[in-house]
Amino acid sequence: RISWISDIIVVVSPENIETMKTITQKYGHKKVTVVKGGITRHRSIFNGLKVFAENEFSSCLLQKPEVVVIHDAVRPFVEEDILLEVVMAAKEYGAAGAIRPLVSTVIASSADGCLDHSLERARYRASEMPQAFLFGIIYQAYQQCTDHDLDYGTECLHLALKYCKIKAKLIEGTADLWKVTYKRDLYAAESIIKDNLSQQICVITDVKEDVVQVGFLLHESLKSQIKVEVISISLFENDSHLQNMFSGQCYNFIYIHDKQSAFQETQLLVDMLEKSNIPLLYPVVLISVHLNSSENVSCSIEMEELTRIKKFAREVKKKNIWVYGLVIHYKVCNSLFTC
């Protein structure tokens, strides 16, 4: 979803290449090239860099980038801000990387298993990802690596310093750059994702007075628990505010209407969501709410509408968009809604 990133190279172990290709095809990741990894971290990264300079791992070379970003897949919560910061620093200094304060003191043990010495924690930082480099610098560094570097090294910034005399700019990273390393970390990661997904709701209403009032009441009832934004528009008009919501960090949408059939509008919303590429990252929830104040509409017509949405929902679920249909019957009495 980050427009200024032109190519993404995913380096995986040989036995997982087909699985990774299936994933990229399923979710339409058009910028992704899958490359076979090596037996160590540095050998894998070198394989990924070769896609821009050698034909060993790709049938056609990709255009060399000005800057290449190296990131760990086990750090899934990296944000665009820190990526941009390390890239801009790499343009100026040749290399840059995220760091974090040490949370534990580092000690060294002697041969007999006893304490030898400890490091002064305030003087040191933990090296994190992402790291960014001018492509020519990091590729040149890997070309000069010894087998010992490739087999036992883990720090890319050190290679730029050792072989190209480039002192990397260190950028203070955020707490969400932690690694999903152990099984327990999967539960923490899942919790963070669920928390992020539920932080905001966008309520979209038609411009009719009754429908707008329902949107207002929903906002008033939820605003103390969650961030709620209400937009009253006609969907077939080009609304920049709505487009901004779809391209932002909102993943929960409620569309409220009183039309006998709003299936076309629901399809339009799904198309807009799909084009925004948000569903590539997280599941998107869209609830289509039909308000019915008429006693003349038959139950069979409403069920037909819900059946259409149900069938449509099965199709778009494959695109990571979850669509639900809801019918609410109400009577208007003294300007109050009675459901």
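Please refer to the structure placed before this passage.
Cut-offs used in this document
Residues numbered from 1 in each chain as written. Predicted model: local features only at pLDDT ≥ 70, side-chain atom pairs only at ≥ 80, totals over all residues. Heavy atoms only, no water. Helix = DSSP H or I, 4+ residues; strand = E, 2+ residues; numbered from the N terminus. Salt bridge = Lys/Arg side-chain N within 4 Å of Asp/Glu carboxyl O. Buried < 20%, exposed > 50% of the residue type's maximum accessible area, 1.4 Å probe, protein only. Pairing = 2+ DSSP bridges. Axes fitted to C-alpha atoms, helices over the stretch in contact; angles between N-to-C directions. Phe/Tyr/Trp six-rings, centres within 6.5 Å; stacked < 30°, edge-to-face > 60°. Lys NZ or Arg CZ within 6 Å of the ring centre and 35° of its normal. Parallel < 35°, antiparallel > 145°, perpendicular 65-115°, else oblique. Contact = heavy atoms within 4.5 Å. Nonpolar A, V, L, I, M, F, W, Y, C, P; charged D, E, K, R; others polar. Polar contact = N/O pair within 3.5 Å; in protein donor to acceptor, adjacent residues only side chain to side chain. Core = buried A, V, L, I, M, F, W, Y, C linked by side-chain atoms within 4.5 Å.

J.: So, the environment of Q144: which residues are in play, and what are the values?
T.: For Q144, the position within the fold is in helix α4 (residues 135–144). Between the alpha carbons of Q144 and Y163 there is a distance of 6.9 Å; along the sequence they are 19 residues apart.

J.: Help me get a handle on the pattern of salt bridges, residues and values and all.
T.: The tally for this structure, following the rule as stated, stands at 10 salt bridges. With a shortest N-O distance of 3.4 Å, K208 and D258 are connected by a salt bridge. Taken as a pair, K208 in the loop between β9 (200–205) and α8 (209–222) and D258 in the loop between β11 (252–257) and α10 (263–276) lie far apart in primary sequence, 50 residues in all. Relative accessible area serves as the criterion here: at 26%, D258 is assigned to the partly exposed category.

J.: Got a sec to walk through the sheet that holds strand β4 (residues 95–101)? Specific residues and values, please.
T.: Backbone-to-backbone hydrogen bonds join strands into a sheet, with any given pair of strands oriented parallel or antiparallel. Sheet architecture is open: four strands sit in the order β3-β7-β4-β8, paired in mixed fashion. In this open sheet, the two edge strands, each paired with only one partner strand, are β3 (67–70) and β8 (169–172). Direction aside, the axes of adjacent strands within the sheet are offset by 30 degrees on average. In this sheet, β8 lies alongside β4 in parallel orientation, the contact comprising four bridges.

J.: So, helix α2 (residues 41–50): which residues are in play, and what are the values?
T.: Of all 10 residues that make up α2, eight are buried, and the element is covered over most of its length. Listed in full, the buried residues belonging to α2 are H42, S44, I45, F46, N47, G48, L49 and K50.

J.: So what about the packing of aromatic side chains? Which residues, and what values?
T.: With the rule as written, the count across this model stands at six aromatic pairs. Summarising the aromatic geometry, the rings of F46 and Y142 are spaced 5.6 Å apart at their centres and angled 20 degrees between planes, so their arrangement reads as stacked. With a gap of 96 residues between them, F46 in helix α2 and Y142 in helix α4 connect regions that are remote in the sequence. Residues F263 and F312 carry aromatic rings whose centres are separated by 5.4 Å and whose planes lie at 75 degrees to one another, so their mutual orientation is edge-to-face. Linking F263 in helix α10 with F312 in helix α11 (residues 299–316), this pair joins segments that are 49 residues apart in sequence. On the basis of relative accessibility, which here comes to 9%, the residue F263 falls in the buried class. Judged by relative accessible area, F312 falls into the buried class, the value being 9%. By the ring-pair criterion, three or more aromatic residues cluster together here, those being F46, F52, F135, Y139 and Y142. Its guanidinium or amino end placed over the ring of F46, K50 lies 4.4 Å from that ring's centre, counting from NZ or CZ.

J.: Please provide a residue-by-residue account of the packing of α4 against helix α6 (residues 156–164), values included.
T.: Where α4 meets α6, the closest approach of the two axes is 9 Å, and the angle between their N-to-C directions is 80 degrees. One way to sum up the angle between α4 and α6 is to call them roughly perpendicular. Along its contact with α4, which presents I137, I138, Q140, A141, Y142 and Q144, the element α6 presents C156, L159, A160, Y163 and C164. Looking at side-chain class alone, the contact of α4 with α6 contains nine nonpolar, two polar and no charged residues.

J.: Would you mind going over the pairing of β11 in detail, with residue names and values included?
T.: Within β11, six of the six residues are buried, which leaves the element mostly enclosed by the surrounding structure. Judged by which residues are buried, β11 turns out to be covered on both faces: N252, I254 and I256 on one side and F253, Y255 and H257 on the other are all buried. Bridge analysis of β9 against β11 gives four bridges, and the strand direction is parallel. Across the sheet, T205 pairs through a bridge with I256, a residue of β11. Bridging between β11 and strand β12 (residues 284–292) involves six bridges; their strand directions are parallel. Residue pairing in the sheet places F253 in a bridge with L286 of β12.

J.: Before we move on, could you go through the side chain of N47 and cite the residues and values that matter?
T.: Here N47 lies in helix α2. Judged by its relative accessible area of 9%, N47 falls in the buried class. At a separation of 3.0 Å, a polar atom in the side chain of N47 contacts the main-chain carbonyl oxygen of K36.

J.: Please provide a residue-by-residue account of the nonpolar core, values included.
T.: Membership of the largest hydrophobic core comes to 28 residues, with the highest contact counts inside it found for I204, L242, F246, F253, L269 and V323. Considering every element that reaches this core, the biggest residue donor is α10, with five residues. The contact partners of V323, leaving out residues within four places of it in the chain, are T266, V270, L286, I309, A313 and V316. Judged by nonpolar contacts, the second largest core, of 27 residues, contains V51, M129, Y142 and L157.

J.: Pulling in residues and values, what's your account of the sheet that holds β9?
T.: In spatial order, the strands read β10-β9-β11-β12-β13; together these five strands make up an open sheet with parallel pairing. Both edges of this open sheet fall to β10 (227–232) and β13 (321–329), since each of them pairs with a single strand only. With strand direction ignored, the average angle separating the axes of adjacent strands in the sheet is 20 degrees. Relative to β10, β9 is paired through six bridges, and the arrangement is parallel. Bridging from a neighbouring strand, T205 pairs with S232 of β10.

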